[in-house]
Amino acid sequence: MLYFVETYFAIHYLILAFLASLGTLQLVATCYELQGLSLIGLPRWSRWGYILGSALIAGGFIWFFLNTPNLLSPGPAGSELMVLMGLGTAVALVSTLTWASVREKIRVKQGNPLPEPDVNTRGLDLLREMSILQAWQQSRKLTPIEAKAHQPRHPEVQ
Amino acid sequence: MGSFDFAVFRLINGFAGRYPPLDHLAQLLVNDYFLTTLMSLVLLALWFSGNAETQRKRNQLAVLRAVISLLLANLVLKGCNLVFFRPRPFTYNQVNLLFYHPSDSSLPSNPATVGFALTVAVWLHNRKAGHLLLVLAILFAISRVYCGVHYPLDVIAGAGLGALSAYIVVRKMRFLDLWLEKIIGLARRICLA
């Protein structure tokens, strides 16, 4: 699939995409208080979420531009960049969700009870209080009637 | 029109090579990795942004429609390149070139098309994120002229093409909405939307 891109470049760009996406996810998680997307846990460390996010994005770009030669010569095609960016973002997302799940599991093991979400809370809103793993486990425990309550009652009209 | 285009090109490109810090900044902006990656990050942030579900859904529709606009704009761009070729400014003129020699048609500008397709698609849903993308797209377009790889008319045509593609996808291709909502619904089921 990658015809025009050299291996070292693909690896460098993947690292940039991974770090910058990881940083962006931390900024969003901190801004919207999404516990399940946060690497460091919220809300105690909220200020650090912004610092960590900005540092990851800046660090990724600085590392890439200092360590990748021939940036002003013909490089990969746009579609190849899109594939690499998508891959880096996917890895960053999976890593963040996994890390947050492990952290929250440890927290529960230490005796902190898992919060009971409101029956109407669904989707990304569940990640405000728990990790994605806990959210999936929670939704699996629901009875069919409760699960139905999680479905949208009215189709949203744009 | 051509002479006016060349005069504006000369005016902007004339600054290149005079102020080294400005040249370095332009080279950072003009390469294929900095602004494109930043724009992708804006889309990633937009997907997870929003306090209420309706607000988030609007942002997620913006992201999906921006990606479709990008695909449509690229398709039209390829078509344009098949039937029309305009040489780059450096082909027949002495210019201050701060970038490599692209060999494809100068008009319309690919980066301007991509930048404005994303910008307009997002701007039609979310003004704040749209303005941020607009700044990035304008920087991308101006840096191409500054570095000597495009005429001003190329980036204007690219911007128009990108904006038109986005407008068509957002306002006229409503038949896609069912599929887009299905994608968002699927992502919501796994707590990612």
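Relevant structure appears above.
Each value, and the rule that gives it
- Residues numbered from 1 in each chain as written.
- Chains lettered and ligands numbered in written order.
- Predicted model: local features only at pLDDT ≥ 70, side-chain atom pairs only at ≥ 80, totals over all residues.
- Heavy atoms only, no water.
- Helix = DSSP H or I, 4+ residues; strand = E, 2+ residues; numbered from the N terminus.
- Contact = heavy atoms within 4.5 Å.
- Core = buried A, V, L, I, M, F, W, Y, C linked by side-chain atoms within 4.5 Å.
- Buried < 20%, exposed > 50% of the residue type's maximum accessible area, 1.4 Å probe, protein only.
- Buried area = accessible area lost by both parts, 1.4 Å probe.
- Salt bridge = Lys/Arg side-chain N within 4 Å of Asp/Glu carboxyl O.
- Polar contact = N/O pair within 3.5 Å; in protein donor to acceptor, adjacent residues only side chain to side chain.
- Phe/Tyr/Trp six-rings, centres within 6.5 Å; stacked < 30°, edge-to-face > 60°.
- Axes fitted to C-alpha atoms, helices over the stretch in contact; angles between N-to-C directions.
- Parallel < 35°, antiparallel > 145°, perpendicular 65-115°, else oblique.
- Left-handed = near helix turned anticlockwise from the far one by under 90°.
- Nonpolar A, V, L, I, M, F, W, Y, C, P; charged D, E, K, R; others polar.

Trainee: How should I be thinking about the side chain of B:Ser143 in this particular structure?
Mentor: Secondary-structure assignment places B:Ser143 in helix H7 (residues 127-146). Setting aside anything within four residues of it in sequence, one finds B:Ser143 in contact with B:Ala26, B:Leu29 and B:Val30.

Trainee: What is the right way to read the nonpolar core from this model?
Mentor: A general tendency of soluble globular proteins is for nonpolar side chains to be buried together. Core analysis: the largest hydrophobic core is formed by 70 residues, its most contacted members being A:Phe9, A:Tyr13, A:Leu34, A:Leu37, A:Leu127, B:Trp47 and B:Phe48. For this core, the element with the most residues is helix H3 (residues 34-48) of chain B, which contributes 11 residues. Counting 17 residues, the second-largest nonpolar core is a separate cluster that includes B:Phe9, B:Leu98, B:Tyr100 and B:Val149.

Trainee: I keep staring at the side chain of A:His12 and nothing clicks. Help me out?
Mentor: Mapped onto the elements, A:His12 comes out in helix H1 (residues 7-31). Apart from residues no more than four positions distant in its own chain, A:His12 is found in contact with A:Trp63, A:Phe64, A:Asn67 and A:Thr68.

Trainee: Where do I start with the interface of chain B and chain A in this structure?
Mentor: Quoted interface sizes are often the accessible area lost when the parts come together. Counting residues at the interface gives 32 residues for chain B and 39 residues for chain A. Regarding the contact of chain B and chain A, the summed buried area is about 3100 Å², with carbon and sulfur atoms giving 68% of it. Three residues stand out in chain B for area buried against chain A, namely B:Tyr33, B:Phe48 and B:Cys191, and they jointly supply 24% of the buried area on that side. Our count for the chain B to chain A interface comes out at 2 salt bridges. Here B:Glu53 makes a salt bridge to A:Arg122, at a shortest N to O gap of 2.5 Å. Remark: the boundary between chain B and chain A carries 6 residue pairs in polar contact (both at pLDDT 80 or more).

Trainee: What should I look at first to understand the environment of B:Pro21 in this one?
Mentor: All names here are of chain B. Within the secondary structure layout, proline 21 lies in helix H2 (residues 20-30). For proline 21, a relative accessible area of 63% corresponds to the exposed category. Counting along the chain gives 97 residues from proline 21 to leucine 118, while the straight-line C-alpha distance between them is 29 Å.

Trainee: Looking at this model, I keep getting lost on the packing of aromatic side chains. Mind explaining?
Mentor: We describe a pair of aromatic rings using the distance from one ring centre to the other and the angle between the two ring planes. Taken as a whole and judged by the stated rule, the model has 15 aromatic pairs over all chains. Ring centres of A:Phe61 and A:Phe65 lie 6.4 Å apart, and the angle between their planes is 15°; on these two criteria the pair is classed as stacked. Note that A:Phe61 and A:Phe65 are positioned in helix H2 (residues 46-67) at a spacing of 4 residues, about one turn of the helix. An aromatic cluster of at least three residues, connected via ring pairs, comprises A:Tyr8, A:Phe9, A:Tyr13, A:Phe61, A:Phe64, A:Phe65, B:Tyr33 and B:Phe34.

Trainee: Is there a simple way to explain the packing of helix H3 (residues 78-109) of chain A against H3(B) in this structure?
Mentor: Packed helices, taken two at a time, are described by the angle between their axes plus the distance between the axes. Where H3(A) meets H3(B), the closest approach of the two axes is 11 Å, and the angle between their N-to-C directions is 40°. When the axes of H3(A) and H3(B) are compared, the pair comes out oblique. Crossing hand, H3(A) versus H3(B): right-handed. Here A:Met85, A:Thr89 and A:Leu93 of H3(A) lie close against H3(B), whose contacting residues are B:Thr37, B:Ser40, B:Leu41, B:Leu44 and B:Phe48. Class assignment of the residues belonging to the contact of H3(A) with H3(B) gives a composition of 5 nonpolar, 3 polar and no charged.

Note that all results are geometric; they support no functional claim without further evidence.
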